[in-house]
Amino acid sequence: LESNIAQAREYMARFAAEGVMNHIDGENVPAKSGKTFQTVCPVDLSKLAEVAKGGEADIDAAVAAAKAAFPVWSKTPGAERRKILIKVAEAIEARAEEIAFTECMDTGQALRFMSKAAMRGAANFRFFADQAPAAEDGAVTRTPTQMNTTSRRPIGPVGVITPWNTPFMLSTWKIAPALASGCTVVHKPAEFSPMTAKLLVEIAESAGLPRGVLNVVNGFGEDAGKRLTEHPDIKAIAFVGESRTGSMIMAQGAKTLKRVHFELGGKNPVIVFDDADLERAVDAATFMIYSLNGERCTSSSRLLVQDSIYDDVTARVAEVARRIKVGHPLDPDTVVGPLIHPEHEAKVLSYFEKAREEGATIAAGGDKIGEAGCYVAPTLFTGATNDMAVAQEEIFGPVLTAIPFKDEEDALAIANDVQYGLAAYLWTNDLNRAMRMTDSLEAGMMWVNSENIRHLPTPFGGVKASGIGRDGGDWSFDFYMETVNVSFPR
Ligand code: NAD
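Note that the coordinates shown come from a computational prediction; the quantities given were computed from them, not determined experimentally.

(A) Main features of the overall build of the chain. Within the chain, the regular secondary structure consists of 16 helices and 22 strands. Computed over its C-alpha atoms, the radius of gyration of the chain comes to 23 Å, within 12% of the 23 Å expected for a compact globule of 490 residues. Counting only C-alpha atoms, the chain reaches 65 × 65 × 40 Å along its principal axes. Evaluated residue by residue, the chain yields a buried proportion of 55% over its 490 residues. Counted over contacts in the chain with a minimum sequence separation of 6, partners at least 24 positions apart contribute 72%.

(B) Focus on the UniProt feature "domain: Aldehyde dehydrogenase" (unreviewed entry) in the chain. Following the UniProt record, one finds the feature "domain: Aldehyde dehydrogenase" (unreviewed entry) at residues 31–485. For the annotated span residues 31–485, helix accounts for 42% and strand for 20% of the residues, and the straight-line distance between the end C-alpha atoms is 42 Å.

(C) Highlighting the sheet that holds strand 22 (residues 481–489). If you walk across this open sheet you meet the three strands as 5-6-22, and the pairing is antiparallel. Sheet topology places strand 5 (139–142) and strand 22 at the edges, where each strand pairs with a single neighbour. Neighbour to neighbour, the strand axes of the sheet diverge by 20° on average, direction disregarded. Note: strand 5 against strand 6 (residues 146–154), four bridges, orientation antiparallel. The partner of Ala139 across the bridge, within strand 6, is Thr150.

(D) The packing of helix 10 (residues 278–290) against helix 11 (residues 310–323), seen in detail. With their axes 10 Å apart at the nearest point, helix 10 and helix 11 run at an angle of 45° to one another. By the angle between their axes, helix 10 is oblique relative to helix 11. Read as a crossing pair, helix 10 and helix 11 show a hand that is right-handed. Facing helix 10, whose interface residues are Leu278, Val282, Ala285, Thr286 and Tyr290, helix 11 presents Val313, Arg316, Val317, Val320 and Ala321. Here the residues of the contact of helix 10 with helix 11 sort into eight nonpolar, one polar and one charged.

(E) Quick peek at the packing of helix 3 (residues 78–94) against helix 7 (residues 195–206). It is the contact of helix 3 with helix 7, at a shortest axis distance of 8 Å, that shows an interaxial angle of 125°. Looking at the two axes, helix 3 sits oblique to helix 7. Considering how the two elements wind past one another, helix 3 and helix 7 form a crossing that is right-handed. Between helix 3, through Val88, Ala91 and Ile92, and helix 7, the contact on the second element is made entirely by Ile203, Ala204 and Ser206. Each residue belonging to the contact of helix 3 with helix 7 can be placed in one class, and the counts come to five nonpolar, one polar and no charged.

(F) Layout of the sheet that holds strand 13 (residues 302–306). Reading across from one edge, 14-15-16-13-12-18-19 is the order of the seven strands in this open sheet, with mixed pairing throughout. Strands at the two margins of the open sheet, each flanked by one partner only, are strand 14 (361–364) and strand 19 (445–448). Between one strand axis and the next, the sheet turns by 25° as a mean value, whatever way the strands run. In this structure, strand 12 (residues 269–272) lies alongside strand 18 (residues 423–427), joined through three bridges in parallel fashion. Pairing of Val272 across the sheet is with Trp427, part of strand 18. Here helix 11 sits on the sheet and contacts strand 12, strand 13, strand 14, strand 15 (379–382) and strand 16 (399–405); the angle it forms with strand 15, its principal contact strand, is near 160°.

(G) Focus on the environment of Ile59. Structurally, Ile59 can be placed in helix 2 (residues 56–75). Overall, the presence of 28 C-beta atoms within 10 Å leaves Ile59 in the buried class. Linking Ile59 and Asp223, residues 164 residues apart in sequence, is a C-alpha distance of 9.4 Å. For Ile59, the residues in contact, after removing those within four places along its chain, are Gly54, Val186, Val217, Ala224, Arg227, Leu228 and His231.

(H) Spotlight on helix 11. With 14 residues, helix 11 extends 20 Å between its outermost C-alpha atoms, agreeing within 8% with the 20 Å of an ideal straight helix rising 1.5 Å per residue. Where helix 11 is concerned, the buried positions are Tyr310, Val313, Thr314, Val317, Ala318 and Ala321. Within helix 11, the buried residues cover an arc of 135° as seen down the axis, which keeps them to one side. Within helix 11, the exposed residues directed more than 90 degrees away from the buried face are Asp311 and Arg323.

(I) Examining the pairing of strand 11 (residues 259–263) more closely. By the bridge criterion, five bridges tie strand 10 (residues 236–240) to strand 11 in an arrangement that is parallel. Counted as the bridge partner of Ala236 is Arg259 from strand 11. Handedness of the crossover joining strand 10 and strand 11 through helix 9 (residues 243–254): right-handed. Relative to strand 21 (residues 467–468), strand 11 is paired through two bridges, and the arrangement is antiparallel. Within strand 21, the position partnered with Glu263 by the bridge is Gly467.

(J) Highlighting the UniProt feature "active site" (unreviewed entry) in the chain. Following the UniProt record, the feature "active site" (unreviewed entry) maps to Glu263 here. Relative to the elements of secondary structure, Glu263 occurs in strand 11. Of the residues examined, Glu263 has 27 C-beta atoms within 10 Å and is grouped as buried.

(K) Structural view of the confidence of the model for the chain. With 100% of its residues at a pLDDT of at least 70, the chain reaches an overall mean of 98. Overall fold confidence (pTM) sits at 0.98, and the ipTM for the predicted complex is 0.96.

(L) How the structure looks around the site of the ligand. Lining the immediate environment of the ligand, one finds 32 residues, of which Pro163, Gly221, Gly225, Gly241 and Cys297 sit closest. Listed by contribution, the elements that provide at least two residues to the shell around the ligand are helix 8 (221–230) and helix 9. Ranked by residue count, the leading element in the shell around the ligand is helix 8, at five residues. The class makeup of the residues in the shell around the ligand is 13 nonpolar, twelve polar and seven charged.

(M) Spatial organisation of the environment of Cys183. By the secondary structure assignment, Cys183 is in the loop between helix 6 (167–181) and strand 8 (185–188). Spatially, the C-alpha atom of Cys183 lies 7.8 Å from that of Val213, the residues being 30 residues apart in sequence. Beyond its immediate stretch of four places on either side in the chain, Cys183 contacts Pro154, Ile155, Gly156, Pro157, Val158, Ala178 and Tyr480.

Thresholds applied
Along each chain, residue indices are assigned from 1 in the same order as the chain's sequence is written. Residue-level local features of this predicted model are given only where pLDDT is at least 70; pairs of side-chain atoms are given and counted only at 80 or more, and the full residue set underlies all totals for whole chains, interfaces and linings. For helices the rule is a DSSP run of H or I covering at least 4 residues; for strands it is a run of E covering at least 2, with both sets numbered from the N terminus onward. For this measure, only C-alpha atoms enter the radius of gyration; the expected value for a globule follows 2.2 Å times N^0.38, where N is the number of residues. Our exposure labels follow a C-beta count within 10 Å of each residue's own C-beta, placed from the backbone: buried means 20 or more other C-beta atoms, exposed means 12 or fewer, and partly exposed covers the counts in between. Here contacts are defined at the residue level, using C-beta atoms placed from the backbone and a cut-off of 7 Å between them. UniProt positions are given in the numbering used here, feature names are shortened, and annotations may be inferred rather than shown by experiment. A strand pair is defined by DSSP finding two or more bridges across the two strands. Axis geometry follows a simple rule: fit a line to the C-alpha atoms, using only the stretch in contact for helices, then measure angles between N-to-C directions, giving values from 0 to 180 degrees. Roughly parallel means an angle under 35 degrees; roughly antiparallel, over 145; roughly perpendicular, 65 to 115; everything else is oblique. Handedness of a crossing follows from how the near helix is turned relative to the far one, being left-handed for an anticlockwise turn of less than a right angle and right-handed for a clockwise one. Residues are grouped as follows: Ala, Val, Leu, Ile, Met, Phe, Trp, Tyr, Cys and Pro are nonpolar; Asp, Glu, Lys and Arg are charged; all remaining types, including Gly, are polar. The span you would expect from a helix comes to 1.5 Å times its residue count less one. It is the directions from the helix axis to the C-beta atoms that the arc portrays. Look down the strands so they point away from you; if going from the first strand over the helix to the second traces a clockwise path, that crossover is right-handed. Along the chain, pLDDT gives the predictor's confidence residue by residue, from 0 to 100. Whether a residue is near a molecule or strand depends on its C-beta atom, placed from the backbone, lying within 6 Å of it.

Right under this line is the structure:
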């Protein structure tokens, strides 16, 4: 830990000295207003850097740069784009430690996960780069009199708006396919975690991405974010964040008929039947809520357990929760680090109060840890019912709500009785039951007898209030591209 902290200090010195500026048309620039805000480290709330507080004028400049770069980047052959994006992936790998350490300091997420997240950022670039050469390809269809050629072209400059939970990985998940499609990008990172977006654009340009193709404007949602969603030259908005922000963005983009792609909140059930491999189920359920600080859209935040095994399973989960190592994010042994920010910590702590008021039992955790920093204990609520706030609302922390169920019908009813529908996890050794359940569960992604294991060609996204659209595979390209048809007489 000591050597990691010393190394992090070195990485942070640069940010402290230079600040986190906007990056427009290949240049680091301050906000036009001259205003800044601070990003703090959730370990001890110390200031990490002054950050440019971008607003309308900064977004306008960044969009102008993205618009100017679009004709050249969109016409750059896919094979050439591929080469550059693979170089970006290599450059990410070369600086993976710096990215991971920076992410840990800016977000409080544990190093064991952020090291992997940095490498996943590289994998995102490689994966989408490889699809760039064929991204425009379509089909030829013929009637006796006509020949139709259907193909795709990049939609134009796009806006990417990201949250703070795993900022680097999530940004690459959006930006890599946009660039592979031939779009140019204006990225508005989350105000709580702006640091790795600076690294990404720096890395991308050092790897050969032309200026103006990727631009970054820091700032708050209500000004920089809002302007980006309203700008007439931005053709689409890829957004990851809260459901209510998604609906604001939809309203803001309505005037300019913005194409939107939303990855939003979740309250994902993990459903454990009495015929399941309980050891594996407990292991996966605890991993999915107590890793990444529970600040994870696909976290399994509701544990639905068949009543015959409810006491056994919840006792095992409580035991795991109590043993989890909470600590400094740079400690290689840490599983749960400090939450992102005192504001978010206050939100999570408020659910401990709510749980007590609503009559749930706090079987593990339920407290803040220490005075300094945003540390909360991994928590398990038992004896909850599905109408409680702790069962309905996304807490976005290491907080699990356990609810008993009787049978399949009951499990389904409880699982589906929330506004969200991002992911669901099912544990049973009965294949027919698994088929019946997955047929009726309201979720965009389901894992049977498994934790969340991603395969990039598969679709990622939610139903209900959890999102609109899918990422992954060719779905990402479909979002960033227009499909056009040209018909010729034969
Ligand atoms: P948030 O919605 O508060 O903010 C996300 C981004 O939107 C930030 O960059 C913010 O500045 C910007 N924003 C806020 N108001 C805006 C406005 N009016 N116009 C334009 N932009 C605006 O979300 P958050 O608190 O940063 O992130 C946590 C949320 O993200 C959780 O709900 C989580 O489930 C969700 N999330 C979803 C996925 C997914 O794939 N489904 C992945 C990660 C996180």
